[in-house]
Amino acid sequence: MSVTTLDPRTALVVVDLQNGIVALPTAHPAADVVAKSATLADAFRAKGLPVVLVRVTGGAPGRTEGPQPSGSPAADWADLVPEMSPEDGDFVVTKQQWGAFYGTDLDLRLRRLGVTQVVLTGIATSIGVESTARSAHEHGYHVTVAVDAVTDMNAEAHANSVQRIFPRLGQTGTTAEIVELLG
């Protein structure tokens, strides 16, 4: 389903556009995701709508079969990329999990602002973005994913999220469609 409407109190939630994540090899150019996310952030700010910049600084505890990071990350690994530097009125959420809701005050902050819908962008589509979309849906928010402003390290995982998961959680659209709906 293509995005049809934006609620009057919609927030942009930009997931993990930070130095360490943007530097990873991705299925689609990370620079394009950053540029489109910046376009959306500017459009949301121009309308006085909330912009949330999410960054990850750790990981959930527990054993997994996947490879674990070795060594220490670079000192600026968790710093937001320059194009996503917070501006007045933005807020930054620091998470330790894949999704931006669990263990953070994101839901509380959005509810205090009267937000009923979130537009999501970021990296990685099947990890941080999808986890945040699932949680937003479970919290009762209308969810929209800017599909040209997300990417993944795995093209198949990205396609699965965009084609199979996001349409079940909300609506999808392009950056241009979302900006047009903002008016």
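Computed from a predicted structure; not experimentally measured.

Visitor: Teacher, can you tell me more about the overall build of the protein chain here?
Guide: Regarding its fold elements, the protein chain presents six helices and six strands. Counting from the amino terminus, the protein chain carries its helices and strands in the arrangement β-α-α-β-β-α-β-α-β-α-β-α. The globule rule puts the C-alpha radius of gyration for 183 residues at 16 Å, and the 15 Å found for the protein chain is close to it. The C-alpha extent of the protein chain, read off along each of the three principal axes, is 45 × 35 × 30 Å. Within the protein chain, buried positions represent 46% of all 183 residues. If you take every contact in the protein chain between residues at least 6 apart in sequence, the share linking residues at least 24 apart comes to 84%. With 13 positive and 20 negative side-chain charges, the protein chain shows a spacing of 7 Å between the two charge centroids.

Visitor: How should I be thinking about the nonpolar core in this particular structure?
Guide: If you look at the biggest cluster of nonpolar residues, it comprises 29 residues, and the most contacted ones within it are Leu12, Leu17, Val22, Phe44, Met84, Ile123 and Ile178. Within the residue set of this core, elements represented by two or more residues are strand 1 (10–15), helix 1 (19–22), helix 2 (30–46), strand 2 (51–56), strand 4 (117–123), strand 5 (142–151) and helix 6 (175–182). Sorting elements by how many residues they give to this core places helix 2 first, with eight residues. Not counting chain neighbours up to four residues away, the residues in contact with Leu12 comprise Ser37, Leu40, Ala41, Phe44, Pro50, Val51, Val52, Val119 and Thr121. Ranked by size, the runner-up nonpolar core spans 25 residues in total, among them Val13, Val93, Val118 and Val143.

Visitor: Quick question: what am I supposed to make of the sheet that holds strand 6 (residues 171–173) here?
Guide: Overall, parallel pairing links the six strands, which are arranged 3-2-1-4-5-6 in an open sheet. A strand with exactly one partner marks an edge of an open sheet, and here the two such strands are strand 3 (91–95) and strand 6. Direction aside, neighbouring strands of the sheet carry axes that sit 25 degrees apart on average. Direction of pairing for strand 1 relative to strand 2: parallel, over a ladder of four bridges. Its bridge partner lying in strand 2, Val14 is registered against Leu53.

Visitor: Just to check I follow, could you spell out the environment of Gly114 for this structure?
Guide: As for its position among the elements, Gly114 is in the loop between helix 3 (106–112) and strand 4. A relative accessible area of 36% means that Gly114 is categorised as partly exposed. The sequence separation of Gly114 and Val179 amounts to 65 residues, and the corresponding C-alpha distance is 21 Å.

Visitor: Just to check I follow, could you spell out unusual backbone geometry for this structure?
Guide: With the exception of glycine, most residues fall at negative phi, and the peptide bonds are largely trans. In this structure, Ala124 follows Ile123 across a cis peptide bond, with omega equal to 10 degrees. By the secondary structure assignment, Ala124 is in the loop between strand 4 and helix 4 (125–138). Unlike most non-glycine residues, Asp16 shows phi in positive territory, near 60 degrees. Secondary-structure assignment places Asp16 in the loop between strand 1 and helix 1.

Visitor: Can you help me understand the environment of Val145 in this one?
Guide: Positionally, Val145 belongs in strand 5. Each C-alpha atom of the pair Val145 and Glu130 lies 9.3 Å from the other, and the pair is 15 residues apart in sequence. Among all residues touching Val145, those that are not within four sequence positions of it are Leu120, Val129, Val150, Phe166, Gln171, Thr172 and Gly173.

Visitor: Sorry if this is basic, but what is going on with the pairing of strand 3 here?
Guide: Strand residues, when the strand is regular, have side chains that alternate between the two faces of the sheet. Covered by surrounding structure in strand 3 are Phe91, Val93 and Lys95 only, the residues Val92 and Thr94 on the alternate face being uncovered. Pairing of strand 2 with strand 3, which is carried by five bridges, proceeds in the parallel orientation. Looking across to strand 3, one finds that Val52 is bridged to Phe91.

Conventions used here
- Residues numbered from 1 in each chain as written.
- Predicted model: local features only at pLDDT ≥ 70, side-chain atom pairs only at ≥ 80, totals over all residues.
- Heavy atoms only, no water.
- Helix = DSSP H or I, 4+ residues; strand = E, 2+ residues; numbered from the N terminus.
- Rg over C-alpha atoms; globule rule 2.2 N^0.38 Å.
- Buried < 20%, exposed > 50% of the residue type's maximum accessible area, 1.4 Å probe, protein only.
- Contact = heavy atoms within 4.5 Å.
- Lys, Arg positive; Asp, Glu negative; His and termini not counted.
- Charge placed at Lys NZ, Arg CZ, Asp CG, Glu CD.
- Core = buried A, V, L, I, M, F, W, Y, C linked by side-chain atoms within 4.5 Å.
- Pairing = 2+ DSSP bridges.
- Axes fitted to C-alpha atoms, helices over the stretch in contact; angles between N-to-C directions.

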